[in-house]
Amino acid sequence: MKIEQAMQAAINEQIAAELESAYIYLSMSAHFEAENFPGFARWMRLQSQEEVAHAMRLFDYLNERGGRVQLKAIAQPPLEFGAPVSVFEQALGHEQKISSLIDRLYETAKQQHDNPTQVMLQWFIKEQVEEENHVGQVVDQMRLAGDNRAALLFLDGKLGARSGD
Ligand code: OFO
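Residues numbered from 1 in each chain as written. Predicted model: local features only at pLDDT ≥ 70, side-chain atom pairs only at ≥ 80, totals over all residues. Heavy atoms only, no water.

1. Observations regarding unusual backbone geometry
Heads up, the rule is: Here's how the labels work: a residue is buried when its accessible area is under 20% of the maximum for its type, exposed when over 50%, partly exposed in between, all with a 1.4 Å probe on protein chains only. Secondary structure elements are defined from DSSP: runs of H or I of at least 4 residues count as helices, runs of E of at least 2 residues count as strands, and each element is numbered from the N terminus.
Of note, the phi angle at Asn36 is positive, near 65°, even though the residue is not glycine. With relative accessibility at 57%, the residue Asn36 sits in the exposed group. Non-glycine residue His113 carries a positive phi angle of around 55°. Relative to the elements of secondary structure, His113 occurs in the loop between helix 3 (84–111) and helix 4 (115–145).

The following block contains the structure:
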């Protein structure tokens, strides 16, 4: 069954939100490069790539359902994000916002009695739990490190070891 217009529009909004996430994390990566934290920069670059993959998952799904992908304008991300702890706090706040968008999308799918979209979105609901948990753990570690440069460099090395899968 071809996807309804309202559902299609909501998925297109979510594609834009995921690409906006990618753009924000890429800017955070650039910020860390400029601040000489190559490990944090790599972590954010990989995070950005994950967001593109999320957008593409929705892109492919919409096409599979006979919908029409419509790409939207993406806002320019900030240039500077402050101290490392603040960057990760902003990333956590952003993930919480994305989780509520996914929840809203799921509600729309329920109202539309669109079962395939509900099933597809269950992957995203699980993914958001993981994302919030991962970023939340980094925030906790950053808060423990505080202004201690040695502790921050240790964390930089640790986060830089993140694998690219
Ligand atoms: Fe796409 O999970 Fe983050 O935003």
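Structure shown, so let's carry the discussion forward.
2. Re the nonpolar core
Threshold: Throughout, nonpolar core names a set of buried Ala, Val, Leu, Ile, Met, Phe, Trp, Tyr and Cys residues whose side chains join them through atoms within 4.5 Å. Throughout, a contact is declared for two residues whenever any of their heavy atoms are within 4.5 Å.
Membership of the largest hydrophobic core comes to 22 residues, with the highest contact counts inside it found for Met28, Phe32, Phe40, Trp43, Met44, Phe88 and Met142. At five residues, helix 4 tops the list of elements feeding residues into this core. Setting aside residues up to four positions removed in sequence, Phe32 forms contacts with Phe37, Phe40, Ala41, Met44, Pro84, Val87 and Phe88. By size, the runner-up hydrophobic cluster in this structure holds 19 residues, among which are Met7, Val69, Ile102 and Ala109.

3. Brief notes about the environment of Leu152
Assignment of secondary structure puts Leu152 in helix 5 (residues 149–160). Along the chain, Leu152 and Gln137 lie 15 residues apart, while their C-alpha atoms are 14 Å from each other.

4. A closer look at the packing of aromatic side chains
We apply this condition: Stacked, edge-to-face and tilted are the three classes for Phe, Tyr and Trp ring pairs, Trp counted by its six-membered ring, which pair at centre distances within 6.5 Å; planes under 30 degrees apart are stacked, over 60 edge-to-face, the rest tilted. A ring is considered to have a charge above it if a Lys NZ or an Arg CZ atom is located within 6 Å of its centre and within 35 degrees of its normal.
One pass over the full model with this rule turns up seven aromatic pairs. Relative to Phe88, the ring of Phe40 has its centre 5.8 Å away and its plane inclined at 75°; by these criteria the two rings are edge-to-face. Here Phe40 is found in helix 2 (residues 38–64), whereas its partner Phe88 is found in helix 3, with 48 residues between them in sequence. The same class applies to Phe40 and to Phe88, which are both buried. Ring geometry for Trp123 versus Phe124: centroids 4.9 Å apart, planes at 80°, classification edge-to-face. What links up through ring pairs into an aromatic cluster is the set Phe32, Phe37, Phe40, Trp43 and Phe88. Lying across the ring of Trp123, Arg57 places its NZ or CZ 3.6 Å from the centre. The aromatic ring of Trp43 is capped on one face by Arg162, whose charged end is 4.6 Å from the ring centroid.

5. Side note on helix 2
Keep this limit in mind: By definition here, a helix of n residues has an expected span of 1.5 Å times n minus one.
Between its first and last C-alpha, helix 2 extends 39 Å over 27 residues, near the 39 Å set by a 1.5 Å rise per residue. Gly66 sits one or two residues past helix 2 and shows a positive phi near 75°.

6. Description of helix 3
An α-helical turn contains 3.6 residues, so a residue and the one three or four places further along point in the same direction. When the terminal C-alpha atoms of helix 3 are compared, their 41 Å separation across 28 residues agrees well with the 40 Å that a helix rising 1.5 Å per residue should span. Residue His113 follows helix 3 closely and has a positive phi angle near 55°.

7. Focus: the packing of helix 1 (residues 5–34) against helix 3
Let me state the cut-off plainly: Axes, fitted as lines to C-alpha atoms, cover a helix only where it is in contact. Angles between the N-to-C directions of the axes lie from 0 to 180 degrees. By the definition adopted for this analysis, an angle is roughly parallel if under 35 degrees, roughly antiparallel if over 145, roughly perpendicular if from 65 to 115, and oblique otherwise. Classes in brief: Ala, Val, Leu, Ile, Met, Phe, Trp, Tyr, Cys and Pro nonpolar; Asp, Glu, Lys and Arg charged; the others, Gly included, polar.
Packing of helix 1 against helix 3 leaves a shortest axis separation of 11 Å and a crossing angle of 170°. Judged by the inter-axis angle, helix 1 sits roughly antiparallel to helix 3. Here the residues of the contact of helix 1 with helix 3 are counted per class, giving 17 nonpolar, six polar and two charged.

8. Focus: the environment of Leu26
By the secondary structure assignment, Leu26 is in helix 1. Residue classification places Leu26 among the partly exposed positions, given a relative accessible area of 43%.

9. A few points about the pattern of salt bridges
Note the threshold: One speaks of a salt bridge when a side-chain nitrogen belonging to Lys or Arg is within 4 Å of a carboxyl oxygen belonging to Asp or Glu.
For the structure on display, the rule yields four salt bridges. Between Glu89 and Arg143 there is a salt bridge; the shortest N-O distance is 3.0 Å. In this pair, Glu89 sits in helix 3 while Arg143 sits in helix 4, placing the two residues 54 residues apart along the sequence. A relative accessible area of 51% places Arg143 in the exposed class.

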